[in-house]
Amino acid sequence: HGPRSITRNVLQDKNGNVWFASWEGIVRYDGKFFTNFTLKEGLRHFHVFSAFEDKTGNLWFGTIGGGVYRYDGSTFTLFTTTDGLADDMVLCIMEDMLGNIWFGAGDGASRYNGRTFTNFTTQDGLIGNSINSIIQDQNGLIWIGSQTGLCRYDGNVFTPFTNEKDLPFYNVRSMIEDKTGNIWIGSEAGLCRYNPSASPKTSEKPLTNFTTNFTGFVFEDKAGILWLSESENSSKQMVLTKYDGKSFTKIKHDNQIFGITEDSSGNIWFGT
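All of these numbers come straight from a predicted model, not from anything done at the bench.

Conventions used here
- Residues numbered from 1 in each chain as written.
- Predicted model: local features only at pLDDT ≥ 70, side-chain atom pairs only at ≥ 80, totals over all residues.
- Heavy atoms only, no water.
- Helix = DSSP H or I, 4+ residues; strand = E, 2+ residues; numbered from the N terminus.
- Rg over C-alpha atoms; globule rule 2.2 N^0.38 Å.
- Buried < 20%, exposed > 50% of the residue type's maximum accessible area, 1.4 Å probe, protein only.
- Contact = heavy atoms within 4.5 Å.
- Areas by Shrake-Rupley, 256 points an atom, 1.4 Å probe, with all protein chains shown as cover.
- Lys, Arg positive; Asp, Glu negative; His and termini not counted.
- Charge placed at Lys NZ, Arg CZ, Asp CG, Glu CD.
- Phe/Tyr/Trp six-rings, centres within 6.5 Å; stacked < 30°, edge-to-face > 60°.
- Salt bridge = Lys/Arg side-chain N within 4 Å of Asp/Glu carboxyl O.

(A) Representation of the overall build of the protein chain. What the protein chain contains, in helices and strands, is one helix and 26 strands. Here the C-alpha atoms of the protein chain give a radius of gyration of 18 Å, agreeing with the 19 Å that 2.2 N^0.38 yields for 272 residues. Taken along its principal axes, the extent of the C-alpha atoms in the protein chain is 60 × 40 × 30 Å. Relative to its full complement of 272 residues, the protein chain shows a buried share of 51%. Put simply, of all contacts in the protein chain between residues at least 6 apart along the chain, 37% involve residues at least 24 apart. With an accessible surface of roughly 13,100 Å², the protein chain has 47% of that area assigned to carbon and sulfur atoms. Charge separation in the protein chain, taken as the distance between the mean sites of 24 positive and 30 negative side-chain charges, equals 3 Å.

Shown next, in the form of structure tokens:
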């Protein structure tokens, strides 16, 4: 059976399998059957929070307190603080243009070059150590969102990125770069879009706020539609929202929505 409890993230690998990062461990759906790899392979039974497939086809699964697993299709390898990881709570995973794997952890960010880990904390210029989201934009800048703010890393220096009032983006939970190069930021203050090509000559604003309710997850599908998981009217009720570039459509939902992805057939999957 599929996960019956919290499912934080969903991804489809290059072979078409759908993987779930769940509170019951690592679960795979091959279109017919569900396999709980945590139980089958005898892995450490920690809550699994993040999931990612790198360019070479390795799958990475971050856990809450148990480190991160790498799966090469046959073997699981565990990395923890003993191996140099910043923290054993791994909340997000990203691969940069050079093939380094980045981990957003509970106590800093880690960059793994295939051999060693390099860790970054507030002492190195991060805005906060509890990292929820990491992306790299088309210009090579790495965006790191934390509980206490957002910054950009150019390979040498971390630079704080603030809102239109020059205040930190508090509790940044999710970020994406869309097909046109805009950066979408989901945080405690809602959904914000950063347009790096905005110019005063055309009266364009770099930053545009679209919502004011807490935005926990942002995903863009193949058609360019944004799917959002957000609170409603500052309540604990979470709403699934769809944005087509012109208007927002709210879809009521009783559960919190954590992870969103699109499979090769165009189906949208939601972890709740």
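Here the narrative resumes.
(B) A look at the packing of aromatic side chains. Counted by the stated rule, this structure contains 34 aromatic pairs. Consider the rings of Y29 and F34, whose centres lie 4.4 Å apart with planes at 25 degrees: the pair is stacked. Residue F34 is classed as partly exposed on the basis of its relative accessible area of 33%. A ring pair is formed by F161 and Y194, whose centres lie 5.0 Å apart and whose planes are at 75 degrees; its orientation type is edge-to-face. Remark: Y194 occurs in strand β19 (residues 190-194) and F161 occurs in the loop between β16 (158-160) and β17 (174-177); sequence separation between them is 33 residues. Each of the two residues, F161 as well as Y194, counts as buried. Three or more aromatic residues link up through ring pairs in this structure, and these residues are W19, F37, F61, Y69, Y71 and F76.

(C) Structural detail: the environment of G186. Along the chain, G186 falls in strand β18 (residues 183-187). Taking relative accessible area as the criterion, G186 reaches 0% and is therefore assigned buried. A sequence separation of 107 residues divides G186 from F79, and the C-alpha atoms of the two residues are 29 Å apart. Not counting chain neighbours up to four residues away, the residues in contact with G186 comprise N171, V172, R173, S174, T215 and V218.

(D) Expanded view of the pattern of salt bridges. Tallied over the full model, the rule gives five salt bridges. As a salt-bridge pair, K179 and E220 come within 3.8 Å of each other at their nearest N and O atoms. Of this pair, K179 sits in the loop between β17 and β18 while E220 sits in strand β21 (residues 215-220); the two residues are 41 residues apart in sequence, bridging distant segments of the chain. Residue K179 is classed as exposed on the basis of its relative accessible area, which comes to 54%. Its relative accessible area of 18% is what places E220 among the buried residues.

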